[in-house]
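# Inside the fold
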Amino acid sequence: MSSLSQLWPQPIWDYFGEICRIPRLSKNEGKLRAYLKAFASEHNLPSKEDKIGNILIVRPASPGYENVKTVVLQGHMDMVGAKNADYRHNWLVDPVIPVIEGDFVSARGTTLGADDGIGIATQMAVLTDPEIKTGKIECLFTVDEESGMTGAINLQPGFFEGMTLLNLDSEDEGILFIGCAGGMDTVGTLKYSSEKPGNDSFALEISLTGLHGGHSGDEIHKGYGNSLKLMNRILWNLDDMFGISVASFNGGNLRNAIPREAYAVIAAKRTDKDLIINWITEYEGVLREEFGETERGIKITLNEVKIPESVMDTESQARLLNSLTCCPHGVIAWSHEMEDLVETSSNLAAISFEAGNVIKIITTQRSSVESSKHDAAGMVRSCLRLAGAEVVHSDGYPGWKPSLKSEILAITRKSYLKLFGKEPAVRAIHAGLECGLIYEKFRGIDMISFGPSIKGAHTTEEKIEIKTVQMFWDLLTEVLRNIPSSAS
């Protein structure tokens, strides 16, 4: 491990290092909000906070640049908190420990939080860099992007003035994003009946771990295994062959991440013990062959445990396993308008057995087509209702429709070509960005999103490519230098 201060641009990495020391899971950004307000006060920069916790810090126009259009820089304060099962970390108090590994920065045992900590650090660097000569810059720091976008949802018209916005929450250097998918959650609550396991039973805990996981928007098309779908396959087959009983089934905890671990406890006839263990052991090989290098770390661990006091009854179990088998996960449709863009998808995100014989099932649907988003949610609702679940949908958030005639797109493309001698790619993104919600409230605002390369966001494999942070900074500052006057 090495100090981030040796990396360049040093101000960005220094600020990012400070941010890593501040706990900031979604809905718990209070310490980071206090840090940002203290930062604004220290540098004599005007700032304000709205009722939901969004913060705006303003850098006045450089002398002689008062007529240049105001630009809004935007990123979110919160991060996804995932950790390795064997790593001790309290997300309410413990810092993220960044580690330099070759060409990348990652974190020890947890998500890094470069999504969107690097965007926040970059805004802070812009606010304090005297070399940047441009008009007024408004830096918007939103809360709770990762668990519902409530900061953007509750953003009030008039909170900022600029009508040109640079979203700093993208993860692919060399790609300029001019559109994003809308999304919504579909949550099922299933009540089940229980019974006592047979007197001749044994109990087995099945752990499925080592999967890649990943962002349920950016990486839904990459074929990574969903631990819940795979565990359900195991349970469904065991039930079909041996008549096992499920005592618990849990996995996943983040609506916008592909689940990477799942755990189940089953009871079965003791006479079938060796057959069941042998079948599961062989099935691990089947899954390894099926996924190949895509999921080379997949692992199934078996432990005999104390026989549970109760298990699902036969009918309830069949309804659960069959509904999860038919519940869609992955790409549902590709865009007809833009090459290699996922149009519609669904993520089976989390399952938990809760007190009172209740099972909670969380899913997320995304689409750049509003009607298709609701159709995908309807597919999930149908599967869960067939199991007898009560189903509710979140209000969701809208997509952001691309415009190839955008002024800020033209400026950014020209700046990229000048700096790096090649054209950037221009795409829409299947992930949800706050841009869609911001556009709803600030009609006519001109927006673009770009950033450095971040791999494995929302997982403990998250890492940011060091050299692309310099490229990100160079592009951002070049764009700011080329913002036209409001009269042009």
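Read on for an overview of the structure. Quick caveat: nothing in here was measured; it's all calculated off a predicted structure. (Residues numbered from 1 in each chain as written. Predicted model: local features only at pLDDT ≥ 70, side-chain atom pairs only at ≥ 80, totals over all residues. Heavy atoms only, no water.)

### Focus: the overall build of the protein chain
Formally: Here a strand is any run of E in DSSP of at least two residues, a helix any run of H or I of at least four, and the numbering for each starts at the N terminus. Summary of the burial criterion: residues with accessible area below 20% of their type's maximum are buried, those above 50% are exposed, and those between are partly exposed, where the area comes from a 1.4 Å probe applied to protein chains only. Should any heavy atoms of two residues lie within 4.5 Å, those residues are counted as being in contact. With residues, only the protein chains shown are counted as cover, and all accessible areas are computed by Shrake-Rupley using a 1.4 Å probe. Positive charges are assigned to Lys and Arg, negative charges to Asp and Glu, while His and the chain termini are left out of the count. Charged side chains are reduced to one point each, which is NZ for Lys, CZ for Arg, CG for Asp and CD for Glu.
Across its full length, the protein chain carries 11 helices and 23 strands. For the protein chain, the spread of C-alpha atoms along the three principal axes comes to 85 × 50 × 45 Å. Expressed as a percentage of the 488 residues in the protein chain, the buried residues total 58%. The contacts in the protein chain between residues at least 6 apart in sequence include a share of 78% that link residues at least 24 apart. Here the protein chain displays about 20,500 Å² of accessible surface, and carbon together with sulfur accounts for 48% of that area. For the protein chain, the distance from the average position of its 48 positive side-chain charges to the average position of its 65 negative side-chain charges is 3 Å.

### Re the sheet that holds strand 22 (residues 454–455)
The criterion, for reference: Any two strands between which DSSP finds at least two bridges are classified as paired.
Taken together, 4 strands build an open sheet; the order of strands is 4-5-23-22 and the sheet is antiparallel. This sheet does not close on itself; its edge strands, each paired only once, are strand 4 (98–101) and strand 22. Across 2 bridges, the pairing between strand 5 (residues 104–107) and strand 23 (residues 463–465) is antiparallel. Residue pairing across strands places Val-105 opposite Ile-464, the latter belonging to strand 23.

### Quick notes on helix 5 (residues 227–242)
How we decide: By definition here, a helix of n residues has an expected span of 1.5 Å times n minus one. A 3.5 Å cut-off defines polar contacts: any pair of N or O atoms within that distance qualifies, except that in protein one atom must be a possible hydrogen donor and the other a possible acceptor, and neighbouring residues in sequence count only when both atoms are side-chain atoms.
If you check helix 5, its first and last C-alpha atoms are 22 Å apart, about what 16 residues at 1.5 Å a residue would give, namely 22 Å. Within the span of helix 5, buried status applies to Ser-227, Leu-228, Lys-229, Leu-230, Met-231, Asn-232, Ile-234, Leu-235, Leu-238 and Phe-242. The opening residue of helix 5, the one whose side-chain oxygen lies 2.8 Å from the backbone nitrogen of Leu-228, is Asn-226. Gly-243, located one to two residues past helix 5, shows a positive phi value of around 65 degrees.

### Comments concerning unusual backbone geometry
Of note, the bond from Trp-8 into Pro-9 is cis; its omega dihedral lies within 30 degrees of zero at 5 degrees. Summarising the element assignment, Pro-9 is placed in the segment before helix 1 (10–20). The linkage connecting Asp-115 with the following residue, Asp-116, adopts the cis geometry, with an omega of 5 degrees. One can find Asp-116 in helix 3 (residues 114–128). With a phi close to 55 degrees, Met-149 is a non-glycine residue in the positive phi region.

### Looking at the side chain of Glu-138
Note the threshold: Basic side-chain nitrogens of Lys or Arg form a salt bridge, by our definition, when they fall within 4 Å of a carboxyl oxygen of Asp or Glu.
Inspection of the secondary structure puts Glu-138 in strand 6 (residues 137–142). Summary of buried charges: Glu-138 has no salt-bridge partner, and the nearest side chain of opposite charge, Lys-136, is 4.4 Å away. Sequence-distant contacts of Glu-138, defined by excluding residues within four places in its chain, comprise Leu-56, Ile-57, Val-58, Thr-70, Val-71, Val-72, Leu-73, Phe-160, Glu-161 and Gly-162.

### Examining the environment of Phe-472
Along the polypeptide, Phe-472 turns up in helix 11 (residues 466–481). Residues within four places of Phe-472 in sequence aside, it is in contact with Thr-122, Leu-168, Phe-450, Gly-451 and Pro-452.

### Considerations on the nonpolar core
We apply this condition: Buried Ala, Val, Leu, Ile, Met, Phe, Trp, Tyr and Cys residues form a nonpolar core when they are joined through side-chain atoms within 4.5 Å.
Judged by nonpolar contacts, the single largest core of 65 residues is most densely connected at Trp-13, Leu-36, Leu-73 and Leu-166. When residues of this core are assigned to their parent elements, the largest contribution, 9 residues, is made by helix 11. Ignoring anything within four residues of it in the chain, the contact list for Leu-166 reads Val-71, Val-72, Leu-73, Gln-74, Ile-408, Ile-448, Leu-476, Val-479 and Leu-480. Among the nonpolar cores identified, the runner-up in size contains 45 residues, and Leu-208, Phe-242, Met-312 and Leu-348 belong to it.

### Thoughts on the packing of aromatic side chains
So the rule is basically this: Under the pairing criterion, centres of Phe, Tyr and Trp rings, with the six-membered ring standing for Trp, must be within 6.5 Å; the plane angle then separates stacked pairs below 30 degrees from edge-to-face pairs above 60, leaving the rest tilted. Only Lys NZ and Arg CZ are tested; either one counts as a charge over a ring when it is within 6 Å of the ring centre and within 35 degrees of the ring normal.
Scanning the entire structure with this criterion turns up 7 aromatic pairs. Residues Phe-160 and Phe-442 carry aromatic rings whose centres are separated by 4.1 Å and whose planes lie at 10 degrees to one another, so their mutual orientation is stacked. One end of the pair, Phe-160, is in the loop between helix 4 (150–153) and strand 7 (164–167); the other, Phe-442, is in the loop between helix 10 (435–441) and strand 21 (446–449), and 282 residues separate them in sequence. Residue Phe-442 is classed as buried on the basis of its relative accessible area of 6%. Just above the ring of Phe-104 sits the side chain of Lys-463; from NZ or CZ to the centre is 4.4 Å.

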